[in-house]
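# Notes for the structure review
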Amino acid sequence: MNRLLIFLIPLMVMCQPANEEVATNEQQLPNFVIIFCDDLGYGDLSSFGNPTIMTPHLDQMAVEGQKWTQFYVADPVCTPSRAALMTGRYPIRSGMTSKKRAVLFPDSGSGLQSEEVTIAEVLKQKDYATATIGKWHLGHLPQYLPMAQGFDSYYGIPYSNDMDAARGMWPYIHEHKTDPAFLSEIKNYNVPLMENEAIIERPADQTTITRRYSDRAVDYIKEHQDKPFFLYLAHSLPHIPLFASDEFVGSSKRGLYGDVLQEIDDGVGKILKTLKELNLAENTIVLFTSDNGPWKAFDTHGGSAGPLRAGKGTTFEGGQRVPTIFWGPGNVKPGVVTEMGSTLDVIHTFASLAGAQIPQDRKMDGYDLSAVLKGTGKSPRNSFYYWAFGELHAVRSGPWKLHVQQRVPITYNLIKELEQPELYQIEADISEHYDVAGAQEEVVKKLQKMIDAHQLDVVGSTPDQLDIRIKD
Ligand code: MG
């Protein structure tokens with residue numbers, strides 16, 4: 001008997017930790033939070049160099065986490081950028097970019113197709129609780145809302161906060177410059193606030209919307225602390241028109257745009273504080289970034305791209321390189337990452353961290369960045385394709401970026417057909433000032449080949465969904 005025990009006890013000891021480890025891993029699937037801003041520029045956070053917008057909570061998040069300085073969105077406008085974040089695919093593949101219409105509008109009759117697989121659907125393999133709070137902009141009809149794409153619940157506005165404008169879409173650009181009061185009236189923007197499929201407020205009170213989104217996010221985390229969750233918090237702001245609550249109006253030297261950001265920053269602080277107080281910080285990864293660069297057509301109501309050229313709607317760096325912070329005390333090694341990453345990589349990265357599978361039956365465009373987050377490896381991303389308005393405009397390979405055509409800044413609906421491709425070494429020339437194509441013919445040839453191959457690779461993609469109207 002004693003002999004048997006002597007034999008068995010070590011076996012039991014050997015087995016026990018293994019079993020416990022399996023059980024523990026099951027319980028400790030990481031939580032994910034994405035805080036996504038709208039039209040926030042590369043130069044708009046104090047930790048990214050802004051001198052008059054104070055974002056202390058985001059700055060602290062950057063110190064405790066990873067600040068990424070070369071992180072891209074897959075398209076320089078809202079809808080396609082969001083489609084790419086959700087699916088890990090260039091929006092040309094999902095039909096969510098168009099030569100005819102930049103984004104989805106209130107009269108749009110389509111949205112992200114149900115065949116597309118989102119981050120939420122991937123995490124549902126592991127039974128995550130999932131929620132969208134904020135701006136969706138991937139289809140406002142019931143069959144395209146978040147619940148049709150793997151989310152359990154939705155609270156927010158279904159498209160941009162300037163849509164359903166009382167006096168039409170574009171005339172107010174001039175009014176903004178001559179009549180700031182016009183932009184401060186929420187009734188001029190009849191955008192609905194929705195809870196799941198129901199409209200609960202119209203017009204949405206945008207003066208309190210940032211605070212309400214953040215408060216909802218805090219409540220959601222408290223309510224779901226006992227099981228793995230994925231929270232997608234997509235702020236409607238600082239997209240124009242700008243609104244902040246009374247507590248924040250006048251709080252920054254930057255004007256209303258800065259006030260808006262400082263209120264968003266305050267919400268980030270509350271979310272991180274909640275995660276720490278609930279002892280979830282070690283097991284949660286928070287990503288903060290933007291859907292595209294600043295909307296410069298709106299002067300000081302638009303943001304800043306810092307040292308980057310141009311902004312929203314263009315495939316210059318200012319349109320697609322966005323300020324990005326990953327935070328997760330138990331999973332993310334603090335530091336500054338100067339390698340490339342993209343919102344295209346988020347679905348792969350989260351799937352990897354959760355032990356879930358990304359779709360295997362279609363072309364994906366992302367990489368798994370989890371080794372970079374953990375500090376154990378380099379970014380696998382060495383190239384990036386710059387799509388805009390349904391067309392491929394540029395490619396980056398290592399430090400080189402080749403433009404084959406361009407959108408004209410400000411009036412970005414105009415395409416500038418380049419007589420010759422332009423080449424920039426954007427790690428040495430961050431502002432894309434110095435075209436070196438003439439001196440680097442081999443590099444131009446190599447990048448032109450990448451452009452041609454990528455064009456062929458997207459042939460047969462889902463047709464344009466942005467140009468489908470409700471009445472069609
Ligand atoms: Mg946007």
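Note that the structure is a prediction, hence the values are computed from the model and not measured. (Residues numbered from 1 in each chain as written. Predicted model: local features only at pLDDT ≥ 70, side-chain atom pairs only at ≥ 80, totals over all residues. Heavy atoms only, no water.)

## Here's the deal with the coordination of the magnesium ion
When four donors bind a metal tetrahedrally, each ideal donor-metal-donor angle is 109.5 degrees, and when six bind octahedrally, the ideal angles are 90 or 180 degrees. Keep this limit in mind: The rule for donors is simple: an N, O or S atom within 2.8 Å of the metal counts, and for Na, K and Ca the reach is 3.2 Å. Water is not among the atoms, so a site may look short of donors. In short, tetrahedral needs four donors with all angles between 85 and 135 degrees, square planar needs four and octahedral six donors with opposite donors over 155 degrees apart and all other angles between 65 and 115, and whatever is left is irregular.
Coordination sphere of the magnesium ion, protein contribution only: Asp 38 (OD), Asp 39 (OD), Cys 78 (SG), Asp 291 (OD), Asp 291 (OD) and Asn 292 (OD1), at 2.2 to 2.7 Å. Geometry at the magnesium ion is irregular, judged from its six donor atoms and the angles of 51 to 156 degrees they form at the metal.

## Here's the deal with the side chain of Thr 210
Stated formally: Elements are defined by DSSP. Helices are runs of H or I of four residues or more, strands are runs of E of two residues or more, and each kind is numbered from the N terminus. Should any heavy atoms of two residues lie within 4.5 Å, those residues are counted as being in contact.
Structurally, Thr 210 can be placed in helix H8 (residues 209-223). Apart from residues no more than four positions distant in its own chain, Thr 210 is found in contact with His 235, Leu 237, Glu 263 and Ile 264.

## Here we look at the domain arrangement of the protein
Selection rule: A domain assignment, automatic or from a database, supplies the domain bounds used here. Here the quantity called buried area is the accessible surface, traced with a 1.4 Å probe, that two parts lose on coming together, added over both. For this document, the term salt bridge refers to a Lys or Arg side-chain nitrogen within 4 Å of an Asp or Glu carboxyl oxygen. In the analysis that follows, any N or O atom pair within 3.5 Å is treated as a polar contact, provided that within protein one partner can donate a hydrogen and the other can accept it, and provided that, for residues neighboring in sequence, both atoms belong to side chains. Note on residue categories: nonpolar means Ala, Val, Leu, Ile, Met, Phe, Trp, Tyr, Cys or Pro, charged means Asp, Glu, Lys or Arg, and polar means any other residue, Gly included.
Per the domain assignment, the segments making up the protein are domain 1 (30-379) and domain 2 (385-457). Once you take the C-alpha centre of each, domain 1 and domain 2 turn out to be 26 Å apart. Summed over both partners, the interface of domain 1 with domain 2 comes to about 2,500 Å²; 55% of that surface belongs to carbon and sulfur atoms. The largest contributions to the domain 1 side of the interface with domain 2 come from Tyr 90, Thr 315 and Phe 316, which together make up 22% of the buried area. A salt bridge links Arg 93 to Asp 457; the nearest nitrogen and oxygen atoms lie 2.7 Å apart. If you look at where domain 1 meets domain 2, you find 14 residue pairs in polar contact (both at pLDDT 80 or more). Elements with a contribution of two residues or more to the side of domain 1 that touches domain 2: strand S2 (66-72), helix H4 (91-94), helix H10 (317-320) and strand S10 (335-342). Its residues assigned to classes, the side of domain 1 that touches domain 2 comprises 14 nonpolar, eight polar and nine charged.

## So, the nonpolar core
Applied cut-off: By convention a nonpolar core is built from buried Ala, Val, Leu, Ile, Met, Phe, Trp, Tyr and Cys residues, the set being connected through side-chain atoms within 4.5 Å. Under the scheme applied here, a residue whose accessible area is under 20% of the maximum for its type counts as buried, over 50% as exposed, and between as partly exposed, the area being computed with a 1.4 Å probe on protein chains only.
Core analysis: the largest hydrophobic core is formed by 56 residues, its most contacted members being Met 61, Phe 229, Leu 231, Leu 275 and Phe 288. Looking at this core element by element, the count peaks at eight residues for helix H9 (residues 256-277). When residues no more than four places from it in sequence are discounted, the contact partners of Leu 231 are Phe 32, Val 33, Ile 34, Ala 131, Ile 133, Ala 217, Tyr 220 and Ile 221. One finds Phe 32, Ala 120, Tyr 128 and Phe 230 within the second-largest nonpolar core, a separate group that totals 46 residues.

## Digging into the environment of Glu 223
Examined against the element boundaries, Glu 223 turns out to sit in helix H8. On the accessibility criterion, Glu 223 (62% relative accessible area) is exposed. With 120 residues separating them in the primary sequence, Glu 223 and Thr 343 have C-alpha atoms 27 Å apart.

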